[in-house]
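Examination of the molecular architecture
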Amino acid sequence: MPARGTPEETVRRPVRSYVLRQGRLSPAQARALDTLAPRYCLPYSREPVDFARVFGRRAPVVLEIGCGMGETTAAIAHAHPETDFVGIEVHGPGVGAILNRIEQAPLANLRVIQHDAVEVVDAMIPPGSLAGIHVYFPDPWPKKRHHKRRLLKPGFVHALASRLAPGGYLHAATDWAPYAGEILAVFESEPLLANTAQRYAPRPAWRPLTKFEARGLALGHEVVDILFRRA
Ligand SMILES: C[S@@+](CC[C@H](N)C(=O)[O-])C[C@H]1O[C@@H](n2cnc3c(N)ncnc32)[C@H](O)[C@@H]1O
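Read on for an overview of the structure. Not measured: the values here are computed from a predicted model.

Looking at the secondary structure, you find Val120 in helix α7 (residues 117–124). The class for Val120 is buried, based on a relative accessible area of 0%. Those residues in contact with Val120 that lie beyond four places of it in its chain are Tyr44, Ile88, Ile113, His115 and Ile125.

A few words now on the packing of aromatic side chains. All chains considered together, the criterion is met by two aromatic pairs. Considering the side-chain rings of Tyr169 and Trp206, the 5.9 Å spacing of their centres and the 55° angle between planes classify their relative orientation as tilted. Residue Tyr169 is found in strand β5 (residues 164–174), and its partner Trp206 is found in the loop between β6 (193–195) and α10 (211–218); the two are separated by 37 residues along the sequence. Ring centres of Phe187 and Phe228 lie 5.3 Å apart, and the angle between their planes is 85°; on these two criteria the pair is classed as edge-to-face. Of this pair, Phe187 sits in helix α9 (residues 177–188) while Phe228 sits in strand β7 (residues 224–230), placing them 41 residues apart in sequence. Classification of Phe228 as buried rests on a relative accessible area of 1%. Between the NZ or CZ atom of Arg215 and the centre of the ring of Phe212, over which it lies, the distance is 4.7 Å.

In this model helix α6 (residues 92–104) runs 18 Å from its N-terminal to its C-terminal C-alpha over 13 residues, within 8% of the 18 Å that 1.5 Å per residue would give. Of all 13 residues in α6, ten are buried, a share of seventy percent or more. Along α6, the residues that are buried comprise Gly92, Pro93, Gly94, Val95, Gly96, Ala97, Ile98, Leu99, Asn100 and Ile102. In this fold, the buried residues of α6 make contact with α2 (27–35), α3 (37–40) and β3 (110–113).

This part is about the layout of surface pockets. Space inside the largest pocket adds up to approximately 1000 Å³. Surrounding the largest pocket, 39 residues form its lining, Glu89, Phe137, Pro138, Asp139 and Phe212 being those nearest its centre. For the lining of the largest pocket, the secondary-structure elements that each account for two or more residues are β1 (61–65), α5 (71–79), β4 (130–136) and α10. When the residues that make up the lining of the largest pocket are grouped by side-chain class, the tally is 20 nonpolar, ten polar and nine charged.

As summarised here, the arrangement of the seven strands in space is β3-β2-β1-β4-β5-β7-β6, forming an open sheet in which the pairing is mixed. Since the sheet does not close on itself, it has two edges, and those belong to β3 and β6, each with one partner. Between one strand and the next, the sheet's axes are offset by a mean angle of 20°, whatever the strand orientation. Two elements, β4 and β5, share six bridges in a ladder whose sense is parallel. Bridge pairing in β5 places Gly132 opposite Tyr169. Packed on one face of the sheet, α9 meets β5, β6 and β7 and runs near 10° to β7.

Bringing the site of the ligand into the picture now. Around the ligand sit 17 residues in total, of which Ser17, Glu89, Asp116, Tyr136 and Thr210 are the nearest. Take Ala117: an N or O atom from its main chain is 2.9 Å from a nitrogen atom of the ligand. Expressed as a share of its isolated accessible area of 600 Å², the protein-covered part of the ligand is 93%. Mapping the ligand onto the cavity grids shows that it belongs to the largest pocket. Here the residues of the shell around the ligand are counted per class, giving eight nonpolar, five polar and four charged.

Definitions and cut-offs
- Residues numbered from 1 in each chain as written.
- Predicted model: local features only at pLDDT ≥ 70, side-chain atom pairs only at ≥ 80, totals over all residues.
- Heavy atoms only, no water.
- Helix = DSSP H or I, 4+ residues; strand = E, 2+ residues; numbered from the N terminus.
- Buried < 20%, exposed > 50% of the residue type's maximum accessible area, 1.4 Å probe, protein only.
- Contact = heavy atoms within 4.5 Å.
- Phe/Tyr/Trp six-rings, centres within 6.5 Å; stacked < 30°, edge-to-face > 60°.
- Lys NZ or Arg CZ within 6 Å of the ring centre and 35° of its normal.
- Expected span 1.5 Å × (residues − 1).
- 1 Å grid on protein atoms, 1.4 Å probe; cavity = no way out; pocket = protein on both sides within 12 Å on 5 of 7 lines; lining within 4 Å.
- Points joined across faces, edges and corners; volume = space filled by probe spheres on them.
- Nonpolar A, V, L, I, M, F, W, Y, C, P; charged D, E, K, R; others polar.
- Pairing = 2+ DSSP bridges.
- Axes fitted to C-alpha atoms, helices over the stretch in contact; angles between N-to-C directions.
- Near = heavy atom within 4 Å.
- Polar contact = N/O pair within 3.5 Å; in protein donor to acceptor, adjacent residues only side chain to side chain.
- Areas by Shrake-Rupley, 256 points an atom, 1.4 Å probe, with all protein chains shown as cover.
- Sits in = over half its atoms within 2 Å of the grid points.

In structure tokens:
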């Protein structure tokens with residue numbers, strides 16, 4: 001095995017859209033990861049997930065990528081008991097926080113996958129299986145040398161579009177103007193997708209303000225929503 005940081009290792013490691021910092025877990029988050037994950041987390045697997053089996057019913061399924069601390073995820077799931085939601089997040093404290101929200105509400109229609117969303121979509125999400133996908137305030141990676149880390153790139157957007165059922169939607173929001181333009185261009189060039197608006201969409205009433213959005217607004221950033229549908 002090559003030593004850490006050798007050229008071989010650099011070549012083999014995929015560029016990911018996140019950097020896992022070992023954020024400190026609160027006691028409640030650590031407890032949730034120990035005791036609630038077996039109940040509410042879906043383990044990463046190379047097998048496609050059977051949503052009807054996971055939720056014990058056949059209902060529309062919406063995927064959220066990068067749910068952070070999960071306040072928006074939980075609020076949307078609470079407001080839409082007729083729909084099932086799967087949140088993907090890599091950050092341990094965030095996953096712990098979401099698990100606590102599921103338990104406390106309680107939310108029978110929300111599950112979590114703690115793994116890289118790119119690999120989850122590739123391996124676990126069956127084609128044509130989703131009613132919608134939410135990607136709210138993905139890391140903008142503003143420095144040019146970090147642009148390769150951006151999540152919403154053509155290959156991944158094509159994979160996302162292919163997982164939508166006909167009429168399903170792909171909804172992104174960002175407070176970073178250059179990234180907004182880039183996301184719009186990538187969505188527009190994906191043949192499976194059609195814009196629901198001329199350019200940016202109005203924020204749907206059902207999308208609550210997220211934690212990162214509040215931070216962006218406080219800094220004076222303009223927030224835009226981008227909402228496309230699969231034809
Ligand atoms: C800027 S935060 C936004 C969190 C939340 N959506 C909000 O608006 O408050 C982006 C989140 O996406 C997660 N993330 C980034 N890339 C990811 C990936 N490839 N798979 C899963 N989670 C990812 C990060 O860990 C982080 O929690």
